[in-house]
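# Structural description and commentary
Okay, here's what each chain looks like letter by letter:
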Amino acid sequence: MNHPFENEIIKLSKLDLSVREKLSAEGKLSGGYHPEMEKVHKANARRLREIMNEIGFPTISKVGEVASDAAWLIIQHSIGEPEFMKQCYTMMEENIDDINPKNKAYLYDRIQVSQSKPQKYGTQYIEPEIPYPVEDKENLNKKRLEVGLQPLSLKDINKIPDSENIPEIEIRDQEYTNWRRKVGWI
């Protein structure tokens, strides 16, 4: 079935991923928010907002599963637009039965971490093997399973720093903290 905007949303997400892949291959993704990546994220968010003004949140029934997931990717990467990401999270909550629940979990965690708050599902990492602090380590796997995420091993859960360590974690990357302040996360 060809839904309105389905192909366009998928094309936007593919552009995001291709630019990310190119910059990664060139070794240009570390050391701050690359201007080319930021430009793609802003343009994609602007167009997705226009689409959402016409159809509401791009749910599975409105745009198909692939395009709904693609819309989430665009939202998840709109890191320079806190209010847009928060608005989209609210819309996902309102359409919970017509979206991929994993996407809502990832967006919740991304928003929380961007605000220097503990995450709920353990989807965001400080380093490749160390998740950012979580709200409730004891019930983390229960929360993950509720949204269809694989459980973490006890070893991985034990690596998660306590929430009290967030200021210590944040101080390690002052440039990132300053950027989050500038765009309105903190």
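Scroll up to find the structure this text is about.
Description of the structure in this document. All values reported here derive from a predicted model rather than from experimental measurement.

## So, the nonpolar core
Membership of the largest hydrophobic core comes to 34 residues, with the highest contact counts inside it found for I9, L48, F57, I75 and L107. Secondary structure elements with two or more residues in this core: α1 (6–25), α2 (35–55), α4 (65–76), α5 (82–94) and α6 (101–114). If one sorts the elements of this core by residue count, α4 sits on top with 7 residues. Residues contacting I75, with those up to four places away along its chain left out, are L48, F57, F84, M85, C88 and L107. Counting 5 residues, the second-largest nonpolar core is a separate cluster that includes V134, L152, I157 and I160.

## A closer look at unusual backbone geometry
Phi angles above zero are rare outside glycine, and S116 is one such case at about 65°. Mapped onto the fold, S116 is located in the loop between α6 and β1 (125–127). Looking at S116, the relative accessible area reads 23%, which means it is partly exposed.

## Considering the side chain of N44
Along the chain, the position of N44 falls in helix α2. The exposure class of N44 is buried, given its relative accessible area of 2%. Sequence-distant contacts of N44, defined by excluding residues within four places in its chain, comprise L12, L15, D16 and I74.

## Describing helix α10 (residues 174–183)
All buried positions along α10 are accounted for by T177, W179 and R180. Burial along α10 is one-sided: seen end-on, the buried residues are contained in an arc of 160°. What points out from α10, more than 90 degrees from its buried face, is the exposed set E175 and K182. Note on α10: the residue one or two positions beyond its end, G184, has a positive phi of about 105°.

## Some points on the packing of α2 against α5
Orientation of α2 relative to α5, taken along the N-to-C sense of each, is 40°, at an axis distance of 12 Å. Of the two elements, α2 crosses α5, and the hand of that crossing is left-handed. Residues A45, L48, R49 and M52 of α2 form the contact with α5, whose participating residues are F84, C88 and M91. For the contact of α2 with α5, a count of residues per class yields 6 nonpolar, no polar and 1 charged.

## A short note on the environment of L29
Mapped onto the elements, L29 comes out in the loop between α1 and α2. Note on L29: relative accessible area 30%, which makes it partly exposed. Residues L29 and P133, 104 residues apart in the sequence, show an inter-C-alpha distance of 24 Å. Setting aside its immediate chain neighbours within four residues, L29 contacts R20, L23, S24 and M37.

Rules of the game
- Residue positions within a chain follow its written sequence, with the count starting from 1.
- At least 70 in pLDDT is required for a residue's local features to be given in this predicted model, at least 80 for side-chain atom pairs to be given and counted, and no such filter applies to totals for whole chains, interfaces and linings, which use all residues.
- Excluding hydrogens and water, the side-chain values take into account all heavy atoms of the structure.
- Buried Ala, Val, Leu, Ile, Met, Phe, Trp, Tyr and Cys residues that are joined via side-chain atoms within 4.5 Å together make up what is termed a nonpolar core.
- Only protein chains enter the calculation, and the probe is 1.4 Å; a residue is then buried if its accessible area is under 20% of its type maximum, exposed if over 50%, and partly exposed in between.
- Put simply, DSSP marks the helices as runs of H or I at least four residues long and the strands as runs of E at least two long, and each gets a number from the N terminus on.
- We call two residues in contact when some of their heavy atoms are within 4.5 Å.
- What the arc measures is the spread of directions leading from the helix axis to the C-beta atoms.
- For helices, the fitted line uses only the C-alpha atoms of the stretch in contact; every axis is such a line through C-alpha atoms, and the angle between N-to-C directions lies from 0 to 180 degrees.
- Crossings are sorted by hand: turned counterclockwise from the far helix by less than a right angle, the near helix makes the crossing left-handed, and turned clockwise it makes it right-handed.
- The classification used treats Ala, Val, Leu, Ile, Met, Phe, Trp, Tyr, Cys and Pro as nonpolar, Asp, Glu, Lys and Arg as charged, and all other residues, Gly among them, as polar.

Distances and angles like these do not, on their own, reveal function.
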